[in-house]
Amino acid sequence: MILRKKKLEIALSKLDMPSSPRLGLEQYTIPPKLAAELLYISGFIHQDIRDKNVADLGTGSGLLAIGASLIGAKHVVGVDIDSTVIKVARQNAQKLSVDVEWVIADIEAIKGPFDTVIMNPPFGTRRRHMDRLFLSKAMTMARVIYSLHKQTTRQYLCRFIELNHGLVDSILPMELEIPYVFPFHTRKKYTVEVDLYRILMDYNR
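Fair warning: this is a prediction, and the values are worked out from it, not measured in the lab. Residue numbers here run from 1 along each chain, matching the order of that chain's written sequence. It should be noted that, the model being predicted, local features are given only for residues of pLDDT at least 70 and side-chain atom pairs only at 80 or more, the latter also being counted only at that level, while totals for whole chains, interfaces and linings use all residues. Think of the side-chain values as coming from all heavy atoms in the structure, minus any hydrogens and water.

## Some points on the overall build of the protein
Right, on to step 1. When helices and strands are counted, the protein shows six helices and seven strands.
Right, on to step 2. When the helices and strands of the protein are read in sequence order from the N terminus, they spell out α-α-β-α-β-α-β-β-α-β-α-β-β.
Right, on to step 3. We call two residues in contact whenever any of their non-hydrogen atoms come within 4.5 Å of each other. Long-range pairs, those at least 24 residues apart, make up 71% of the contacts in the protein between residues at least 6 apart in sequence.
Right, on to step 4. Calculation of accessible area relied on Shrake-Rupley with a 1.4 Å probe; when residues are assessed, cover is drawn exclusively from the protein chains displayed. A total of about 10300 Å² of accessible surface is found on the protein, and carbon and sulfur atoms cover 50% of it. Numbered from the N terminus, helices here are DSSP runs of H or I no shorter than four residues, and strands are runs of E no shorter than two.

Listed below in structure tokens is the structure:
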């Protein structure tokens, strides 16, 4: 059975999050509502998930990878350098009885091709240009990429994508809610304005 958006959000809300996220890796987990929205857009509006080979770079606790499997992806690979969060992701996949291939590795170790990459990469606020590194890798792996980035980097990233032979097909403004997870946080949650990019690659350009 392939889940639609609301049921997908409910299913993803049952999954566990890492208990000790690593600030240096910018491990801000994507909320279930936003994950379901991203998957709905990629899977049902654009038909880029069902029966496709999908990769989730920087998968964390696995929401996007697991969600892609729930909505009918043929094969899903979730990649993260942190073995602790991959352990959580494996448990989450077992909880929802989905089959995802989990890989503990730097994203540079992953080779394509994939049909689609979905990701919530680091914003590059702790380690400069990490957002660019994730985009660079994704654009060598798949013809369609869905990626979340801070709205303040829009002008720069659009130029970067163009220089790397990508076409920004659409940019959808969204809100990413970040709960209290690190000691320097002073509020129960923060809201960050983000953009969801749909990027198309033309390797013949």
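## So, the nonpolar core
Right, on to step 1. Ranked by internal contacts, the top residues of the largest apolar core, which has 44 residues, are Leu12, Ile66, Leu70 and Ile118.
Right, on to step 2. In terms of residue count, helix α2 (residues 32–45) provides more of this core than any other element does, seven residues in total.
Right, on to step 3. Beyond its immediate sequence surroundings of up to four residues, Leu12 is in contact with Pro32, Ala35, Ala36, Leu39, Leu63, Ile66, Gly67 and Leu70.
Right, on to step 4. Only buried residues count toward a nonpolar core. Its members are Ala, Val, Leu, Ile, Met, Phe, Trp, Tyr and Cys residues joined through side-chain atoms within 4.5 Å. Each residue's exposure class comes from its accessible area (1.4 Å probe, protein chains only) as a fraction of the maximum for that residue type: buried when under 20%, exposed when over 50%, partly exposed otherwise. One finds Val79, Met141, Ile145 and Leu157 within the second-largest nonpolar core, a separate group that totals 25 residues.

## Some points on the pattern of salt bridges
Right, on to step 1. For this analysis, a salt bridge means a side-chain nitrogen from Lys or Arg found within 4 Å of a carboxyl oxygen belonging to Asp or Glu. Applying the stated criterion to the full structure yields seven salt bridges.
Right, on to step 2. In this structure, the salt-bridge partner of Lys6 is Glu9, at a minimum N-O distance of 3.7 Å. Taken as a pair, Lys6 and Glu9 lie in helix α1 (residues 5–12) at a separation of three residues, close to a single helical turn.
Right, on to step 3. Residues joined by salt bridges that share partners form a network here, namely Asp48, Asp169 and Arg198.

## Details of the packing of aromatic side chains
Right, on to step 1. Under the pairing criterion, centres of Phe, Tyr and Trp rings, with the six-membered ring standing for Trp, must be within 6.5 Å; the plane angle then separates stacked pairs below 30 degrees from edge-to-face pairs above 60, leaving the rest tilted. Counted under the stated rule, the structure contains two aromatic pairs.
Right, on to step 2. Judged by centre distance (5.7 Å) and plane angle (45°), the rings of Tyr40 and Phe44 are tilted. Placement of the pair is Tyr40 and Phe44 together in helix α2, with a separation of four residues, close to one helical turn.
Right, on to step 3. With 6.4 Å between their ring centres and 20° between their planes, Tyr156 and Phe160 make a pair best called stacked. One end of the pair is Tyr156 and the other is Phe160, both in helix α6 (residues 154–163) and four residues apart, which spans about a single turn.
Right, on to step 4. Since its relative accessible area comes to 12%, Phe160 is described here as buried.
Right, on to step 5. When the ring centre of Tyr40 is taken as origin, the NZ or CZ atom of Lys5, which lies over that ring, is 4.7 Å away. Remark: a charge is flagged as sitting over a ring if the NZ atom of Lys or the CZ atom of Arg is within 6 Å of the ring centre and within 35 degrees of the ring normal.

Everything listed here is a matter of geometry and, on its own, says nothing about what the molecule does.
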